[in-house]
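Structural features, examined
If you want the building blocks of each chain, they are given just below.
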Amino acid sequence: MKPEDKIKLYTKIFNTSFIVLLIVFLALYLSQATGYYNYEQHKKMVLTEERIKEFEKDIKAGKDLNLENYLDNPTKNYQNKISGFGQRLSYNIGKYTKIGIKKTFGFLNKILEEN
């Protein structure tokens, strides 16, 4: 590859990276400027206030209370095939590394005991 071609390639990569980063920055800036995060927090607060009012209403009515009915805390499962593979890979690497270290130190221990 000629030096001129390398320079063109590097320039193209730099320009593309710069444009992508600029678009990401603008998207984050606009979401912050329009108050999207604050709106999401406000929705959570309103939902909490509604749950408190419902709880107080049920207390006055003398209903059987279960705290789980008033908590709005969904547990999100972020598990997918890739993360599952990563967990299995990490577990197996740890397991075989542990076995390898035990055997290595066992071997070294035998050598030291013989001398």
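Quick caveat, the model's predicted, so the values are computed rather than measured.

Let us now look at the overall build of the chain. Along its length, the chain carries three helices and zero strands. Sequence-ordered secondary structure for the chain, helices as α and strands as β, is α-α-α. In terms of overall dimensions, the chain has a C-alpha envelope of 80 × 65 × 25 Å along the principal axes. Sorting the 115 residues of the chain into buried and exposed places 3% on the buried side. Between the centroid of the 19 positive side chains of the chain and the centroid of its 13 negative side chains there is a distance of 10 Å.

Glancing now at the environment of threonine 104. With respect to the helices and strands, threonine 104 occurs in helix α3 (residues 81-114). Assessed through its relative accessible area of 44%, threonine 104 is described here as partly exposed. Threonine 104 sits 29 residues away from threonine 75 along the chain, and the two C-alpha atoms are 43 Å apart.

Before going further, it helps to examine the packing of aromatic side chains. The description of an aromatic ring pair rests on the distance of the ring centres and on the angle between the ring planes. Applying the stated criterion across every chain, the model contains two aromatic pairs. Judged by centre distance (6.4 Å) and plane angle (20°), the ring pair of phenylalanine 14 and phenylalanine 18 falls under stacked. Remark: phenylalanine 18 and phenylalanine 14 occur in helix α1 (residues 3-33); sequence separation between them is four residues, near one turn of the helix. For the pair phenylalanine 14 and phenylalanine 18, one class covers both residues: exposed. Here the aromatic rings of phenylalanine 25 and tyrosine 29 are separated by 6.1 Å at their centres, their planes lie at 20°, and the arrangement is stacked. Taken as a pair, phenylalanine 25 and tyrosine 29 lie in helix α1 at a separation of four residues, close to a single helical turn.

Together, Phe14, Phe18, Ile19, Leu22, Ile23, Phe25, Leu26, Tyr29 and Leu30 give the surface a local cluster of nonpolar side chains, amounting to about 950 Å² of exposed area. Judged by relative accessible area, tyrosine 29 falls into the partly exposed class, the value being 46%.

With that settled, the discussion passes to the confidence of the model for the chain. Per-chain confidence: the chain averages 86 in pLDDT, with 93% of residues scoring 70 or above. Across the chain, the secondary-structure element scoring lowest on mean pLDDT is helix α2 (residues 36-61), at 79, and the one scoring highest is α3, at 94.

This next bit is on α3. Taking 1.5 Å per residue as the helical rise, α3 with its 34 residues ought to reach 50 Å, and the 49 Å between its terminal C-alpha atoms agrees with that figure. For α3, the N-terminal capping position is held by asparagine 80, with its side-chain oxygen 3.1 Å away from the main-chain nitrogen of isoleucine 82.

We now examine the environment of phenylalanine 14. On the accessibility criterion, phenylalanine 14 (55% relative accessible area) is exposed. C-alpha of phenylalanine 14 to C-alpha of isoleucine 111: the two residues are 97 residues apart in sequence and 57 Å apart in space.

The rules behind these values
- Residues numbered from 1 in each chain as written.
- Predicted model: local features only at pLDDT ≥ 70, side-chain atom pairs only at ≥ 80, totals over all residues.
- Heavy atoms only, no water.
- Helix = DSSP H or I, 4+ residues; strand = E, 2+ residues; numbered from the N terminus.
- Buried < 20%, exposed > 50% of the residue type's maximum accessible area, 1.4 Å probe, protein only.
- Lys, Arg positive; Asp, Glu negative; His and termini not counted.
- Charge placed at Lys NZ, Arg CZ, Asp CG, Glu CD.
- Phe/Tyr/Trp six-rings, centres within 6.5 Å; stacked < 30°, edge-to-face > 60°.
- Patch = residues over 30% accessible without salt bridge, like charges linked within 9 Å, V, L, I, M, F, W, Y side chains within 5 Å.
- Areas by Shrake-Rupley, 256 points an atom, 1.4 Å probe, with all protein chains shown as cover.
- Salt bridge = Lys/Arg side-chain N within 4 Å of Asp/Glu carboxyl O.
- pLDDT = per-residue confidence, 0-100.
- Expected span 1.5 Å × (residues − 1).
- Polar contact = N/O pair within 3.5 Å; in protein donor to acceptor, adjacent residues only side chain to side chain.

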